[in-house]
Each structure stands twice: as C-alpha cells, then as structure tokens.
Amino acid sequence: MPLRCLLCGLASGAAMVCRGCCEDLPWIVSGCSRCGAPLPPGVPPGPCAACDLALRGIDRVRAALVYEYPVDSLVAAAKFHGRVECARLLGELLARHLAGDGGDAPACDLVVPVPLHPDRLGRRGYNQAAVIAAPAALAAGAAVDQHAGKRRVNTPPQSGLAGSDRCVNVRAAFAVRRDLEELDVAIVDDVITTGHTVSALAVALRRAGARRVEAWCAARVVSAQPPR
Ligand SMILES: [Zn+2]
Ligand SMILES: [Zn+2]
C-alpha cells in the first residue's frame, strides 16, 4: 500500500518520507571525523577546527542530521507520543547517512542501542534507540544486541538537566552484560546533546573489552560550543 509522507502527508510511494521532504532535511553532509559536527562548506574532510571531543571512551561520532525542525519533532514523536514509525524513519535516515552516496557503511561488529531503564521501557513500550539501531546495523552489516547494555538506575531524563548535571546523572548508570573482547562496537542513540550518555555507556563497553567504540546518532545538537 502506498505510504503517506510522515512530514507533509503527501503520497510517498514505498518511502516513509517523500523525496522533497527528504531532500529538505538538515543532513550533515560532511561531518567532523571525530565529533560528527557539520563542517562548513568547502572545508576538507577531517577533524573540525574547534574539535574538542571530550567524550571519554568514544573514538568517533557519526550523526545523520542536525537536531532542528523537523528532526526535533520526529524525535519528540518517537520518544514521547508513542509514534514508533517516527523512530523507524530516524533509523532509516541514519542508515542512509552511514551508507553515504553509494559508499560503504563504516564497519563494526556489534551495534548496541542505548538502553532504557526497564521502568521507562515498560511505560513507553519500546526503546526508540533500539528501533533506530535496526536499519543502521543492517547498513553496517553488523548484529544488534539490545540487551548488551543495561541501565542500572532510572536516571531522570537528560533533557531536563543542565550540562554539568547531565554528567553526574549518567556516571555509572550503565552495566554491560557480555564479553566484548576484540569487538568494534557502535552505540546508537536518537540524539547526542552533550554526549555524556553515550560516553558513560562507552566506558562500560570498554571495560567489557570493546576495542573500538563509535557513537552513531540520528541527530546531533549543534551549538556554537563543541560538545563536552
Ligand atoms: Zn513530504
Ligand atoms: Zn569535531
């Protein structure tokens, strides 16, 4: 059955967004090779000038889209309004970004979505990061283990906290339940803001033996300041 574009409502064939809306999305066409922030037009690939990736445990961030309209609406719909199809779309957009223009997706062995605490998972019914991770892992030819990471404490939502509180909030929030010796792992999350959440999980993954850890996200908050 032909679908309707999740953004404009027009017929979109077999795709979840129509071609026009897809082209208009705030894609990060060329991102910093470390922190994933968009590079200014004309700047050659590599680290950004202000790159200060202070995210412990993370080798590289890959972000598909800038967190602004309409991406912010998609994220809110996926997280707070039970619209799992919006999470699926974010996953497909991330997969498209990873695959690049006909290129290969970055290689990794295992994709680990940022886990939700069981209480929150119970209320929401699904983990949006796990939904986003599925197409991303497919693009990378990697397996997904949504039970590799476990949230030990039900931390309050990061979105309501100031930067320094976020760091304290997630420290030691994660446990890893399997041996990751010699594996290259990619963490998947919906949005990277300060990066403290993915960094805390990365530290736990490394303790379990992970060799290389990247963080892949559908959207990245871009501010004048690099992430800390
Ligand atoms: Zn559309
Ligand atoms: Zn950078």
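For the structure itself, consult the block above.
Residues numbered from 1 in each chain as written. Chains lettered and ligands numbered in written order. Predicted model: local features only at pLDDT ≥ 70, side-chain atom pairs only at ≥ 80, totals over all residues. Heavy atoms only, no water.

A. Summary view of the pattern of salt bridges. The full count for this structure, using the stated rule, is eight salt bridges. Residue Glu85 pairs with Arg83 through a salt bridge whose shortest N-O separation is 2.9 Å. Since its relative accessible area comes to 25%, Glu85 is described here as partly exposed. Here the salt bridges do not stand alone but share partners, grouping Arg62, Arg212 and Glu214 into one network. (Salt bridge = Lys/Arg side-chain N within 4 Å of Asp/Glu carboxyl O. Buried < 20%, exposed > 50% of the residue type's maximum accessible area, 1.4 Å probe, protein only.)

B. Region of the structure containing the pairing of strand β7 (residues 212-220). With respect to burial, β7 is a largely interior element, eight of its nine residues being buried. Two elements, strand β1 (residues 60-66) and β7, share six bridges in a ladder whose sense is parallel. Considered in β7, the bridge of Arg62 is made with Trp216. As paired strands, strand β6 (residues 184-192) and β7 are joined by eight bridges and run parallel to one another. Paired with Ile187 across the bridge in β7 is Ala215. Crossover handedness for the path β6 to helix α7 (residues 196-207) to β7: right-handed. (Helix = DSSP H or I, 4+ residues; strand = E, 2+ residues; numbered from the N terminus. Pairing = 2+ DSSP bridges. Right-handed = clockwise from strand over helix to strand, strands pointing away.)

C. View of the side chain of Thr194. Checked against the element boundaries, Thr194 lands in the loop between β6 and α7. Residue classification places Thr194 among the buried positions, given a relative accessible area of 16%. Here His196 takes part through its side chain, which lies 3.0 Å from a polar atom of the side chain of Thr194. (Polar contact = N/O pair within 3.5 Å; in protein donor to acceptor, adjacent residues only side chain to side chain.)

D. View of the sheet that holds β7. One open sheet accounts for five strands, arranged β1-β7-β6-β2-β3; its pairing is parallel. Each having just a single partner strand, β1 and β3 (143-144) make up the two edges of the open sheet. Relative to β6, strand β2 (residues 110-113) is paired through four bridges, and the arrangement is parallel. In the sheet register, Val112 faces β6, and the bridge partner there is Ile187. Packing of helix α3 (residues 84-99) onto the sheet brings it into contact with β1, β6 and β7, and relative to β1 it is tilted by some 120°. Against the sheet, α7 touches β2, β6 and β7, its axis set at about 165° to β6. (Contact = heavy atoms within 4.5 Å. Axes fitted to C-alpha atoms, helices over the stretch in contact; angles between N-to-C directions.)

E. Examining the coordination of the zinc ion (ligand 1) more closely. Distances from the zinc ion (ligand 1) to its protein donors, Cys5 (SG), Cys8 (SG), Cys18 (SG) and Cys21 (SG), fall within 2.3 Å. Coordination at the zinc ion (ligand 1) is tetrahedral, judged from the four donor atoms that bind it and the angles of 102 to 118° they form at the metal. Donor residues for the zinc ion (ligand 1) sit on one chain with the sequence pattern C-x2-C-x9-C-x2-C. Of this pair, Cys8 sits in the segment before α1 (19-24) while Cys18 sits in the segment before α1; the two residues are ten residues apart in sequence, bridging distant segments of the chain. (Donors = N, O, S within 2.8 Å, 3.2 Å for Na, K, Ca; no water. Tetrahedral: all angles 85-135°; square planar, octahedral: opposite > 155°, others 65-115°.)

F. Geometry of unusual backbone geometry. Tyr69 connects to Pro70 through a cis peptide bond whose omega is 0°. Looking at the secondary structure, you find Pro70 in the loop between β1 and α2 (71-80). Positive phi values are uncommon outside glycine, yet Glu182 reaches one of about 70°. Assignment of secondary structure puts Glu182 in the loop between β5 (174-176) and β6.

G. Molecular detail of the packing of α2 against α3. Running from N to C, α2 and α3 point in directions that differ by 130°, and their axes come no closer than 7 Å. For the element pair α2 / α3, the angle class is oblique. Seen from above, α2 lies across α3 with left-handed handedness. Residues Val71, Leu74, Val75, Ala77 and Ala78 of α2 touch α3, and the partners they reach there are Cys86, Ala87, Leu89 and Leu90. Split into classes, the residues belonging to the contact of α2 with α3 amount to nine nonpolar, no polar and no charged. (Parallel < 35°, antiparallel > 145°, perpendicular 65-115°, else oblique. Left-handed = near helix turned anticlockwise from the far one by under 90°. Nonpolar A, V, L, I, M, F, W, Y, C, P; charged D, E, K, R; others polar.)

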